[in-house]
Amino acid sequence: MTEQRPASDKLKALFSPGGRWQKLRPLYDAVDNFLWTPGTVTRGAPHVRDTMDLKRMMITVVLALLPTVIMAIYNTGLQANLALQDLQAAGAAGWRGELLNGLGIGIAPDSLLDNAMHGALYFLPIYLVSVLVGGFWEVLFACVRKQQISEGFLVSSLLFALIMPPDIPWWQVALGISFGIVLGKEVFGGVGMNVLNPALVGRCFLYFSYPRQMTGNDTWVAVDGYTRATPLAELADPELAISVTWQDAFWGFMPGSMGETSVFACLIGAAILIISQVGSWRVMLAVVLGMAGMATLFNLIGSSNNPMFAVSPLWHLLIGGFAFGTVFMATDPVTCAHSRPGQWLFGLLIGALTVLVRVVNPGFPEGIMLAILFANVFAPALDRLFVSRHIRRRQRRFE
């Protein structure tokens, strides 16, 4: 492929030191690395040659997220069309309705095309705002620091869009991703230096700053004037009965954040991450085990006034963002534990805390976000604990 590079290489002089646009060299490197294989290659000892670099890792994560993107688009449209049918509306409101009518697309819930097109009109604008604003901050900090721009912001922006409710205002999306990228990553030094997951930091900021747009029954279905609780909220309310079957919850046909509803899509993503060795199966399994253990404990304790004590491990797995957080957030290679024993404890901590927050604290119906952020803080300490233990054991062996 080197024969196809001369046109790109001719521009390199303009971005090199002394060139007209030398301050934009990180932007040139980002585009060049995105289109071509990076030219820096390690040769000989003590370096290790490996086919998995940062670019391939980020692309693998994006591929693993594609099933959740497909389900986010389809289910968002499905829930909206079901609500419109329930309200006996003639069509969608606003510019989305005008565009659908102009394209000759209806709002039939049993139509694959109608659901996909309607859902895309909600998901794609949120994703575009997320990637453009997140990319702006990445480029700005890279140019100031004279560092290379990595593909990491593409993953963070996509993750952030997938954990948003469909009806969130676009300006809040821009504010949330800005907070996540700047204060969740760049203040720590940029790519590979952050302690917390940037997408979750942005969501946490919006959750506490604008709870009306991030919680409640009127945020999960993208139709004005229509309210419907998520299955997690229904289980927590003693006066409500859960309105979805476990099959619907498994496939993802229920209200919720756009990309979090389908356990099936998350399992496909998990298989891709595990086979490619980008995501740790130890962390995923430990999160599930921690959740199952804590949920079983609460089942045995029981409660006369808190129905969440009786929620089985299966329902904890199927509802909310548990599966999505387990596969894509907890396994973040930067913010999770790296030692093998540390990964087991890291995952167990996340699973147990998720159920603890869901059951004991009624103010936070979803616990996976807070559990992962809490575990991110302790990940370095867990690694330090086991590394120090290993060093001491080796020292005793040679004493």
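Residues numbered from 1 in each chain as written. Predicted model: local features only at pLDDT ≥ 70, side-chain atom pairs only at ≥ 80, totals over all residues. Heavy atoms only, no water.

Participant: I keep staring at the pattern of salt bridges and nothing clicks. Help me out?
Facilitator: A side chain of one charge can pair with a side chain of the opposite charge if their charged atoms are brought near each other. Here the structure, examined in full by the defined rule, presents 3 salt bridges. K185 is the salt-bridge partner of E138, the closest N and O atoms lying 2.3 Å from each other. Remark: K185 occurs in the loop between helix 7 (170-184) and helix 8 (198-209) and E138 occurs in helix 5 (residues 112-145); sequence separation between them is 47 residues. Like E138, the residue K185 is buried in the burial classification. (Salt bridge = Lys/Arg side-chain N within 4 Å of Asp/Glu carboxyl O. Helix = DSSP H or I, 4+ residues; strand = E, 2+ residues; numbered from the N terminus. Buried < 20%, exposed > 50% of the residue type's maximum accessible area, 1.4 Å probe, protein only.)

Participant: Would you mind showing me how to read a positive patch on the surface here?
Facilitator: Together, R389, R392, R393, R394, R396 and R397 give the surface a local cluster of positive charge. Within the fold, R389 resides in helix 17 (residues 368-397). Exposure remark for R389: the relative accessible area of 47% places this residue in the partly exposed category. (Patch = residues over 30% accessible without salt bridge, like charges linked within 9 Å, V, L, I, M, F, W, Y side chains within 5 Å. Areas by Shrake-Rupley, 256 points an atom, 1.4 Å probe, with all protein chains shown as cover. Lys, Arg positive; Asp, Glu negative; His and termini not counted. Charge placed at Lys NZ, Arg CZ, Asp CG, Glu CD.)

Participant: Is there a simple way to think about the packing of aromatic side chains in this case?
Facilitator: We describe a pair of aromatic rings using the distance from one ring centre to the other and the angle between the two ring planes. Counted under the stated rule, the structure contains 15 aromatic pairs. Ring centres of F179 and F205 lie 4.2 Å apart, and the angle between their planes is 10°; this geometry places the pair in the stacked category. Remark: F205 occurs in helix 8 and F179 occurs in helix 7; sequence separation between them is 26 residues. By relative accessible area, which is 28% here, F179 ends up partly exposed. (Phe/Tyr/Trp six-rings, centres within 6.5 Å; stacked < 30°, edge-to-face > 60°.)

Participant: Help me out: how do you make sense of the nonpolar core in this one?
Facilitator: When a protein is soluble and globular, its nonpolar side chains tend to lie buried together. Core analysis: the biggest nonpolar cluster contains 76 residues, and F123, M164, F324, F328, F346 and I350 have the highest contact counts within it. Among the elements that take part in this core, helix 17 stands out by supplying 8 residues, more than any other. Filtering out sequence-adjacent residues up to four positions away, M164 remains in contact with I126, R203, L206, M214, S257 and M258. By size, the runner-up hydrophobic cluster in this structure holds 11 residues, among which are A80, A92, L100 and L121. (Core = buried A, V, L, I, M, F, W, Y, C linked by side-chain atoms within 4.5 Å. Contact = heavy atoms within 4.5 Å.)

Participant: Help me understand the environment of L84, please; the structure alone is not making it clear to me.
Facilitator: Within the secondary structure layout, L84 lies in helix 3 (residues 54-86). We classify L84 as buried; its relative accessible area is 5%. With 142 residues separating them in the primary sequence, L84 and Y226 have C-alpha atoms 8.6 Å apart. Discounting chain neighbours no more than four positions away, the residues touching L84 are A89, G91, A92, I107, H118 and V223.

Participant: What exactly am I supposed to notice about helix 17 here?
Facilitator: For an α-helix, the turn length of 3.6 residues means that residues three or four places apart are oriented alike. Across its 30 residues, helix 17 extends 41 Å between first and last C-alpha, which sits within 8% of the 44 Å expected from 1.5 Å per residue. When the local axis directions of helix 17 are compared, the greatest deviation, roughly 40°, occurs at F378, which is followed within four positions by the proline P380. Those residues of helix 17 lying buried are I368, M369, A371, I372, L373, A375, N376, A379, L382, D383, F386 and S388. Buried residues in helix 17 make contact with helix 8, helix 15 (322-329) and helix 16 (340-360). (Expected span 1.5 Å × (residues − 1). Bend = angle between axes of the 7 residues up to and from the residue.)

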